[in-house]
Amino acid sequence: MKRKLLFIALLLSSFLTFAQDEEKEDGFTFGGAMRYNILSTNYESGSNSLNPQFTWDTWRLNVDGSMAGIDLSFEYRFYPTFGSHFIHHGFLGYAFSDNVYMELGVTQVPFGITTYASHSWWFQGPYYVGLEDDYDMGINFDINTGENGILSLAYFRQAEPEGPRAGGDVTYGNAGPGRYSYDIVPGTGATENNGETATVAAHIRELGQFNARYAYNVADGWELGASAQIGGIYNSVLDESETSTAFAGHVVGNFGNFNLKAEYVNYNYKAKSDDGQDLDVIQMGAYGDIYYGGDNYTGGVAAKANMYVAGLAYTIPVEWGPISSIQPYVDYTLIDKTNENFHDTEHLIPGFLVSAGGIYAYFDYAMGKNQPWLTDDFGKGLGSGVADPDWNKRFNINIGYYF
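First, a word on scope: everything that follows refers to the structure included in this document. Note that the structure is predicted; figures quoted are calculated from it, not measured. (Residues numbered from 1 in each chain as written. Predicted model: local features only at pLDDT ≥ 70, side-chain atom pairs only at ≥ 80, totals over all residues. Heavy atoms only, no water.)

**Here we look at the overall build of the protein**
Consideration 1: Looking only at helices and strands, the protein has one helix and 25 strands in total.
Consideration 2: Over its C-alpha trace the protein gives a radius of gyration of 21 Å, about what one expects of a compact globule, namely 22 Å for 403 residues.
Consideration 3: Summarising its shape, the C-alpha atoms of the protein cover approximately 60 × 60 × 40 Å along the three principal directions.
Consideration 4: When each of the 403 residues of the protein is scored for burial, the buried share is 50%.
Consideration 5: Partitioning the intrachain contacts of the protein with sequence separation of at least 6 by distance along the chain shows that 61% fall at a separation of at least 24.
Consideration 6: Element-wise, carbon and sulfur atoms account for 57% of the exposed surface of the protein, whose accessible area totals about 18,000 Å².
Consideration 7: The centroid of the 21 positive side-chain charges in the protein is displaced by 4 Å from the centroid of its 48 negative side-chain charges. (Helix = DSSP H or I, 4+ residues; strand = E, 2+ residues; numbered from the N terminus. Rg over C-alpha atoms; globule rule 2.2 N^0.38 Å. Buried < 20%, exposed > 50% of the residue type's maximum accessible area, 1.4 Å probe, protein only. Contact = heavy atoms within 4.5 Å. Areas by Shrake-Rupley, 256 points an atom, 1.4 Å probe, with all protein chains shown as cover. Lys, Arg positive; Asp, Glu negative; His and termini not counted. Charge placed at Lys NZ, Arg CZ, Asp CG, Glu CD.)

Below, the structure is given as structure tokens:
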């Protein structure tokens, strides 16, 4: 702990000598969004007699502004379908100079492709294991290293504060599943031995995480980057932390009207059960619920995996009344679980985005194998998974109005 605090103090003191070159104008803006879903599913049990279904996806409120040179950015989200609501982000920002900017509070973890590794409404595979568009409680510094490079250094003490979970069940302080981005939650985990999995108690949570990310523009419209994450997974029963790691390399490029996003991620969520066993599956949660599985299946997330991510989009400018552009895309993720007795996850999302003023409408034909959101049994797939799964399919239209 002393080393962590010393690191933060030294980092702060090294930047406090910088002065801002110009004052920002004081003032705040308010905004938000409302989104609806129209969906039709075809999962393991066949088509659903309720199809098509209409759901209220989310509504949100935003406040952004600055006073006396200190910025504020805040967003709170409500998900009626999931019976949960929670903070998305909320931080204070300050520019020590033209080259150094600090964010303090609930802010995005600098890892991999930011803000999103995806083009579709569905995100890419890293989101579902807490490694895409993740938000935690801590401090982040963005440092311009020259005209073409940005270095981000961050420390996160813990996951972001949680909201209520679905059904109003008891939560765990700051580590329950009432949140926007996936984090490790206490409760259970699983061990594997010769193909047999066993559920065990595991009161674990994220605690004390360091992140470093460097992105460099190698050419006009092309970014190469590398990321590292090292943090503790704390077991409150053992009063011990294990060191988990994640590493990523990415490329984002624009050529003509095309946009390419590609990423490789390796993670090792090293953690122990309450009786001291190494976990092969850890539990994660978001949107007020946790991953879970059915008979002969271990829910949660495989503790170790390699992920291969790729997405390609093409923007077509149009002038059709209020419609200004149409963007077809395809996103794909393979999650290769390093445990030879676990079954991999695949995720394929072809679709297109229609933009019209403040309206953004995603038309997706989502397909998944061992994908936790594309199944009759929510949460099934990212842990041990099932052998030789068929492609589950869901046609989804998400219509959002942003103001």
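**Some words on the pairing of strand 6 (residues 100-108)**
Consideration 1: Across the nine residues of strand 6, seven count as buried, placing the element largely inside the fold.
Consideration 2: As paired strands, strand 5 (residues 84-95) and strand 6 are joined by six bridges and run antiparallel to one another. Looking at strand 6, one finds that Gly90 is bridged to Val106.
Consideration 3: Where strand 5 folds back on strand 6, the antiparallel hairpin that results is connected by four residues.
Consideration 4: Direction of pairing for strand 6 relative to strand 7 (residues 135-144): antiparallel, over a ladder of nine bridges. Counted as the bridge partner of Met102 is Phe141 from strand 7. (Pairing = 2+ DSSP bridges.)

**Quick notes on the sheet that holds strand 9 (residues 183-184)**
Consideration 1: Taken in spatial order, the three strands of this open sheet run 9-17-18, and their pairing is antiparallel. Each edge of the sheet is formed by a strand with only one pairing partner; in this case those strands are strand 9 and strand 18 (289-290).
Consideration 2: Across two bridges, the pairing between strand 17 (residues 284-286) and strand 18 is antiparallel. Within the sheet, the bridge partner assigned to Ala286 lies in strand 18 and is Asp289.

**A look at the pattern of salt bridges**
Consideration 1: Counting across every chain of the model gives nine salt bridges.
Consideration 2: Notably, a salt bridge pairs Arg179 with Asp183, separated by 3.4 Å at the nearest N-O pair. As far as burial versus exposure is concerned, Arg179 and Asp183 are alike and both buried.
Consideration 3: One salt bridge connects Asp278 with Lys272, and the closest N-O pair in it is separated by 2.7 Å.
Consideration 4: The class for Asp278 is partly exposed, based on a relative accessible area of 48%.
Consideration 5: One salt-bridge network, in which partners are shared between bridges, spans Arg60, Glu75 and Arg77. (Salt bridge = Lys/Arg side-chain N within 4 Å of Asp/Glu carboxyl O.)

**A look at the environment of Ile326**
Consideration 1: With respect to the element layout, Ile326 can be found in strand 22 (residues 323-337).
Consideration 2: Between the C-alpha atom of Ile326 and that of Phe352, which follows or precedes it by 26 residues, the distance is 6.8 Å.
Consideration 3: Discounting residues that sit within four places of it in the chain, Ile326 has contacts with Tyr314, Thr315, Ile316, Trp320, Phe352, Leu353 and Val354.

**Regarding the environment of Gly138**
Consideration 1: Turning to its location among the elements, Gly138 is positioned in strand 7.
Consideration 2: You can call Gly138 buried: its relative accessible area is 13%.
Consideration 3: Each C-alpha atom, one on Gly138 and one on Leu104, is 6.0 Å from the other, the two residues being 34 residues apart in sequence.
Consideration 4: When near neighbours in sequence (up to four residues on either side) are disregarded, Gly138 contacts Glu103, Leu104, Gly105, Tyr155, Phe156 and Arg157.

**Things to note about the packing of aromatic side chains**
Consideration 1: Applying the stated criterion across every chain, the model contains 36 aromatic pairs.
Consideration 2: Summarising the aromatic geometry, the rings of Phe74 and Tyr76 are spaced 6.5 Å apart at their centres and angled 25° between planes, so their arrangement reads as stacked.
Consideration 3: Phe74 sits in the partly exposed class, given a relative accessible area of 32%.
Consideration 4: Look at Tyr180 and Tyr287: their rings are 6.4 Å apart centre to centre, the planes differ by 70°, and that puts the pair in the edge-to-face class. Residue Tyr180 is located in the loop between strand 8 (149-159) and strand 9, and its partner Tyr287 is located in the loop between strand 17 and strand 18; the two are separated by 107 residues in the primary sequence. The pair Tyr180 / Tyr287 is uniform in exposure class, with both members buried. (Phe/Tyr/Trp six-rings, centres within 6.5 Å; stacked < 30°, edge-to-face > 60°.)

**Observations concerning the pairing of strand 15 (residues 258-268)**
If a strand is regular, its side chains alternate between the two faces of the sheet.
Consideration 1: Side-chain alternation along strand 15 places Asn259, Lys261, Glu263, Val265 and Tyr267 on a buried face and Phe258, Leu260, Ala262, Tyr264, Asn266 and Asn268 on a face that remains uncovered.
Consideration 2: Remark: two residues form the turn of the hairpin made by strand 14 (residues 240-255) and strand 15, two consecutive strands paired antiparallel; Gly256 in that turn has positive phi of roughly 60°.
Consideration 3: Pairing between strand 15 and strand 20 (residues 304-314): 11 bridges, direction antiparallel. Residue pairing across strands places Phe258 opposite Tyr314, the latter belonging to strand 20.

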